[in-house]
Amino acid sequence: MAIVLFDGIAYGMLLFLIGVGLSVTMGLMRFVNLSHGVFAMAGGYLGVMTLNGTQSYWLSLLIAALGSGLLGWVLERYLFKYFYRRHPLDQVLVSLGVVFVAIAAVTYLFGPGIQSFNPPSGLRGQVKLFGMGVGAYRLFLIAVGVAVFVFLSFLIRKTLYGAMIRAAVDDQKIAQGLGMNVSLLFSATFAFGCALAGFGGALSLGVLALEPTFPIKYLVFFLMVVCVGGAGTISGPFIAAMVVGIIDVAGKYYFPTLGSFLIYLVMILLLLWKPDGLVTLKRK
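Rules and cut-offs
The residue count restarts for each chain, going from 1 along the sequence in the order it is written. Predicted model: local features are reported for residues with pLDDT of at least 70 only, side-chain atom pairs are reported and counted for 80 or more only, and whole-chain, interface and lining totals are derived from all residues. Side-chain measures here rest on the full set of heavy atoms in the structure, leaving out hydrogens and waters. UniProt positions are given in the numbering used here, feature names are shortened, and annotations may be inferred rather than shown by experiment. Helical segments are the DSSP runs of H or I of at least four residues, strand segments are the runs of E of at least two, and each set is numbered from the N terminus. A helix is expected to span 1.5 Å for every residue after the first. Residue burial is assigned from relative accessible area. The probe radius is 1.4 Å, only protein chains are included, and a residue is buried under 20% of its type maximum, exposed over 50%, and partly exposed in between. The score called pLDDT rates the predictor's confidence residue by residue, from a low of 0 to a high of 100. Nonpolar cores were defined as sets of buried Ala, Val, Leu, Ile, Met, Phe, Trp, Tyr and Cys residues, with membership established by side-chain atoms within 4.5 Å. We call two residues contacting when some pair of their heavy atoms lies within 4.5 Å.

The next subject is the UniProt feature "transmembrane region" (unreviewed entry) in the chain. The residues that UniProt annotates with the feature "transmembrane region" (unreviewed entry) are residues 6-24, 31-51, 57-80, 92-114, 134-156, 182-210, 216-246 and 253-273. From the first C-alpha to the last, residues 57-80 spans 32 Å; its make-up is 92% helix and 0% strand. Annotated as residues 134-156, this span is 91% helix and 9% strand, and its ends, taken at the C-alpha atoms, are 33 Å apart.

This is the structure we're talking about:
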């Protein structure tokens with residue numbers, strides 16, 4: 001039971017690392033970005049290429065985050081920003097279009113197969129934790145996830161940047177009247193969310209299968225984390241990711257014939273109970 005719980009938390013942390021960027025774009029910027037998985041996939045492939053070329057795992061994580069953030073910046077400035085005031089259906093269609101273009105491009109460049117990955121020696125095997133052997137890489141994921149959660153909570157709530165984002169979302173005209181460059185602020189925020197997705201995508205190499213269909217295959221899990229947790233919040237997706245991760249792993253372990261169905265049933269019940277998410281973003 002303890003091992004299942006540990007693996008579920010590790011999986012949940014990974015979902016949080018990737019999905020929290022979607023929470024930022026959907027909740028704070030009010031843009032329905034179903035192409036979020038593309039940036040996670042981009043981070044995964046950038047991580048693999050960097051690791052194969054330099055043999056530096058830590059550099060691969062950095063390149064994955066920066067490269068995905070740059071890709072997000074370009075797409076936001078030259079495509080997505082023209083859909084901010086459009087109907088949500090238009091946002092869904094254009095973001096899904098980006099997904100299918102990305103899948104075709106990655107399949108052409110890298111082929112349809114799963115990318116191989118070998119973690120650094122320090123993150124292989126098992127370590128002792130409270131008297132039980134746990135996977136070193138999954139323990140690393142948990143530590144990184146907690147660190148990112150603390151950092152993002154501080155960034156959004158306690159810094160000038162976080163205050164500017166919240167002000168721009170609440171009333172763009174007043175924010176512009178106060179001298180804020182709202183367009184540039186939104187671009188930076190979107191790029192930051194994409195960088196988080198790329199970082200999570202590179203970390204997912206040790207857990208999730210990286211292939212061209214990655215953005216579609218795991219999209220529903222990222223949406224679960226955001227919708228159940230509460231779009232625009234940091235603590236909401238964190239809690240939801242833990243719930244999704246633990247239930248998904250435990251369900252597949254204890255009820256293998258119902259494991260894939262159980263997580264969707266639980267999510268439906270949670271949304272019926274809390275349709276606005278477990279943690280609701282307060283707007284003035």
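Moving on, there is more to tell.
Bringing helix α5 (residues 136-158) into the picture now. Between its terminal C-alpha atoms α5 stretches 33 Å, which fits the 33 Å expected from 23 residues at 1.5 Å a residue. Buried residues of α5: Ala136, Tyr137, Phe140, Leu141, Ile142, Val144, Gly145, Val148, Leu152, Ser153, Leu155 and Ile156, and no others.

Let us look at the confidence of the model for the chain. Summary statistics for the chain give a mean pLDDT of 87 and a share of 97% for residues scoring 70 or more. Across the chain, helix α3 (residues 57-78) holds the top mean pLDDT of 95, while helix α7 (residues 172-177) sits lowest at 76.

Let us look at the nonpolar core. Formed by 79 residues in total, the largest nonpolar core has its most connected members in Tyr57, Leu203 and Phe214. In terms of residue count, the dominant contributor to this core is helix α1 (residues 2-28) (eleven residues).

Spanning 23 residues, helix α4 (residues 88-110) covers 32 Å between terminal C-alpha atoms, matching the ideal 33 Å at 1.5 Å per step. Residues of α4 that are buried include every one of Gln91, Val94, Ser95, Val98, Val99, Ala102, Ile103 and Val106, and no others. In the core, the buried residues of α4 are packed alongside α2 (36-54), α3 and α9 (214-217).

The next point concerns the environment of alanine 10. Positionally, alanine 10 belongs in helix α1. As for alanine 10 and phenylalanine 140, which are separated by 130 residues in sequence, their C-alpha atoms are 8.5 Å apart. For alanine 10, the contacting residues outside a window of four places in its chain are Arg138, Leu141 and Ile142.

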